[in-house]
Amino acid sequence: MAHYEACFARHGDTPKGVDWPDAEGAATRYRIMAEVVRERGPVDLLDFGCGAGHFLDYLRKTDRKVRYRGLDLSARFVDLCQRKYPGVAFDCLDVMQGGAAVPEADYIIMNGVFTERCGIAYETMFDAMTGLLAKVFPHARKGIAFNLMSKHVDWEREDLFHVPYDRISRFVVGQLSRHHVIRADYGLYEYTVYVYKAAAWPDGQRLATSGQE
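Predicted, not measured: the structure shown is a model, and the values here were computed from it. (Residues numbered from 1 in each chain as written. Predicted model: local features only at pLDDT ≥ 70, side-chain atom pairs only at ≥ 80, totals over all residues. Heavy atoms only, no water.)

Draft legend 1. Spotlight on the packing of aromatic side chains. Following the criterion strictly, the structure yields nine aromatic pairs and no others. Seen from their ring centres, Tyr194 and Tyr196 are 6.3 Å apart, and the 75 degrees between their planes marks the pair as edge-to-face. For Arg167, the ring lying beneath its charged end belongs to Phe126, and the centroid distance is 3.8 Å. Positioned above the aromatic ring of Phe137, the side-chain terminus of Lys197 is 4.9 Å from the ring centre. (Phe/Tyr/Trp six-rings, centres within 6.5 Å; stacked < 30°, edge-to-face > 60°. Lys NZ or Arg CZ within 6 Å of the ring centre and 35° of its normal.)

Draft legend 2. Spatial organisation of unusual backbone geometry. You will see that Cys118, though not glycine, has its phi angle at about 50 degrees, which is positive. You can see Cys118 is positioned in the loop between strand S4 (105–110) and helix H5 (122–136). (Helix = DSSP H or I, 4+ residues; strand = E, 2+ residues; numbered from the N terminus.)

Draft legend 3. Quick peek at the sheet that holds strand S1 (residues 43–48). Within the open sheet, the seven strands sit side by side as S3-S2-S1-S4-S5-S7-S6. Their pairing is mixed. Among the strands making up the open sheet, the edge pair consists of strand S3 (89–92) and strand S6 (180–183). Strand after strand, the sheet turns through a mean of 20 degrees between neighbouring axes, direction not considered. Of the pairings in the sheet, the one linking strand S2 (residues 66–72) to S3 comprises four bridges and is parallel in character. (Pairing = 2+ DSSP bridges. Axes fitted to C-alpha atoms, helices over the stretch in contact; angles between N-to-C directions.)

Draft legend 4. The side chain of Ser74, seen in detail. Examined against the element boundaries, Ser74 turns out to sit in the loop between S2 and helix H4 (75–84). Among the polar contacts listed, one links the side chain of Ser74 to the backbone nitrogen of Phe77, at a separation of 3.2 Å. (Polar contact = N/O pair within 3.5 Å; in protein donor to acceptor, adjacent residues only side chain to side chain.)

Draft legend 5. Representation of the pairing of S2 in the model. As judged from the six bridges shared by S1 and S2, these two strands associate in the parallel manner. By the bridge assignment, Asp47 is partnered in S2 with Gly70. Once you follow S1 into helix H3 (residues 54–60) and on to S2, the crossover reads as right-handed. Since S2 and S3 lie parallel, the crossover through H4 that links them has a hand, and here it is right-handed. (Right-handed = clockwise from strand over helix to strand, strands pointing away.)

Draft legend 6. Looking closely at the confidence of the model for the protein chain. Overall, the predicted model of the protein chain reaches an average pLDDT of 91, with 93% of residues at or above 70. Across residues 206–213, where pLDDT falls below 50, the model places ten contacts with residues more than four positions away in sequence or in other chains. (pLDDT = per-residue confidence, 0-100. Contact = heavy atoms within 4.5 Å.)

What follows is the structure, given as structure tokens:
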């Protein structure tokens, strides 16, 4: 949290203020996160780790029908968002604290929550990530999306969190759901994981036949 607040103090309300290198890459991430949504109709979406609310800015420029809610651990970012977006719900919450209630939504977006280690040991970071995902996933009625740094790079930065596909897949299938997608098709040195509660079918609807999941 302190790392991102320091970025905001240096760069202000910009992509660099939430530690994204540039606006183009940030916009690409917002598009990929939004594409976790399968439905054409209205959905409830929780932006987990909302930062300065830039994902909401992106959504408002699209034709997506989204009922947005933001959540962040940083009181500074939540206060900023409440001032920027009157009438939109924002929660300042540490969901890993005892008794904390994760807001429910159709989809929960976790953009940039796990891409940086910021000095945390690798296995400690992995355990923290899997613990948080296991805590959050039950509160998504339909699915979640989160991104990680790829291992398929020219070199790995010590401050970033590079996770092999097979390791995250083992966790997702073993602890969350076998209905998942790994996307690495958008030109950045990272990938995004979609995890769904149910399978997707050709017509976009679940089959009525029992047992076919």
